[in-house]
Amino acid sequence: NNTPPPQPPLTPAPDLALVKTGSATVTAAGSVSYSLVVNNNGPSDAAAVSVTDTLPAGVTFVSAVGTGWTCLNAGNVSVTCTRPALATGTTAPAITVVITAPAHAATLSSTAIVTPAPTDPPPGTNTSNTPTTVTAPADLPLVPTGPPSVPTTPPAPPTPSDTRNAALHPHPTAAPPPPPPDRPP
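Residues numbered from 1 in each chain as written. Predicted model: local features only at pLDDT ≥ 70, side-chain atom pairs only at ≥ 80, totals over all residues. Heavy atoms only, no water.

On to the sheet that holds strand β12 (residues 132-135). Pairing in this open sheet of three strands is mixed, and the strands run β2-β12-β9 from one edge to the other. Lying at the two open borders of the sheet, with one neighbouring strand each, are β2 (25-27) and β9 (106-108). With strand direction ignored, the average angle separating the axes of adjacent strands in the sheet is 25°. Here β2 runs beside β12; their pairing, made up of three bridges, is parallel. Directly across from T27, in β12, lies its bridge partner T135. (Pairing = 2+ DSSP bridges. Helix = DSSP H or I, 4+ residues; strand = E, 2+ residues; numbered from the N terminus. Axes fitted to C-alpha atoms, helices over the stretch in contact; angles between N-to-C directions.)

A word on the pattern of salt bridges. Evaluated as defined, the whole model comprises one salt bridge. The closest approach of N and O atoms between K20 and D53, which form a salt bridge, is 2.8 Å. Taken together, the positions of K20 in strand β1 (residues 16-22) and D53 in strand β4 (residues 46-54) put the pair 33 residues apart, joining distant regions of the chain. Each member of the pair, K20 together with D53, is buried. (Salt bridge = Lys/Arg side-chain N within 4 Å of Asp/Glu carboxyl O. Buried < 20%, exposed > 50% of the residue type's maximum accessible area, 1.4 Å probe, protein only.)

As a further point, take the state of the cysteines. A complete count under the given rule lists one disulfide for this structure. Here C71 pairs with C81 through a disulfide, and the sulfurs are 2.1 Å apart. Taking the torsion about the S-S bond as the criterion, the C71 to C81 disulfide, at about 115°, is right-handed. Placement of the pair is C71 in strand β6 (residues 70-74) and C81 in strand β7 (residues 78-86), with a sequence separation of ten residues. Since its relative accessible area comes to 21%, C71 is described here as partly exposed. (Disulfide = S-S within 2.5 Å.)

Let's shift gears to the side chain of S110. Mapped onto the fold, S110 is located in the loop between β9 and β10 (111-117). Under the relative-accessibility criterion, S110 is labelled buried at 4%. Polar side-chain contacts of S110 include one of 2.4 Å to the side chain of K20. Of note is the side chain of S110, whose polar atom sits 3.4 Å from the backbone oxygen of T54. In this structure S110 touches K20, D53, T54, L55, P56, S128, N129 and T130, once residues within four positions along its chain are discounted. (Polar contact = N/O pair within 3.5 Å; in protein donor to acceptor, adjacent residues only side chain to side chain. Contact = heavy atoms within 4.5 Å.)

Turning next to the side chain of T130. Mapped onto the secondary structure, T130 falls in the loop between β11 (127-129) and β12. A residue is classified by how much of its surface remains accessible, and T130, at 9% relative accessible area, is buried. Of note is the side chain of T130, whose polar atom sits 2.5 Å from the backbone oxygen of K20. What T130 contacts, discounting residues up to four positions off in sequence, is K20, T21, G22, Y34, L108 and S110.

Of note, the bond from G42 into P43 is cis; its omega dihedral lies within 30 degrees of zero at 5°. Relative to the elements of secondary structure, P43 occurs in the loop between β3 (31-40) and β4. Positioned with a positive phi, A29 is a non-glycine residue whose angle comes to about 70°. Within the secondary structure, A29 sits in the loop between β2 and β3. In this structure, A48 is a non-glycine residue whose phi angle is positive, near 50°. Mapped onto the secondary structure, A48 falls in strand β4.

Written as structure tokens, this is what we have:
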């Protein structure tokens, strides 16, 4: 008998799509938040869904969270978030990745990629990139605030009339003493 045994039917692989959005600009050393959204376009459910976001050079990782996702950070290099499954025709809750931009002007560019099990055959929608321009902080002029400055020259020494007036009126803001009582002649 040369007839091969029957093969189980092949299940078509899921087609996942990833969209990454975020701020177009940020001030140097500012906070940048990216949103990563995965959709399963079918025709099959996806198992072991994984999203990896490679972080731009010079940034500092702050956090990565998403309902139903488990996220791990590899230093300031990348973030990987996984979930057990994603049903056909559904969109997973967004993953929010927060970083701190470098302290100087730059252009940040990072690409996120989604991979399911089994493998997604049309990979064109599996990656997404969002550039962010980091602007240098504005050079603001220094404007002094507070009381006027104190003169830098020392006060002149007291003159004899200042000393005599001080002895006669030791408290210039106090009321003068009352006149002596009248004396009988």
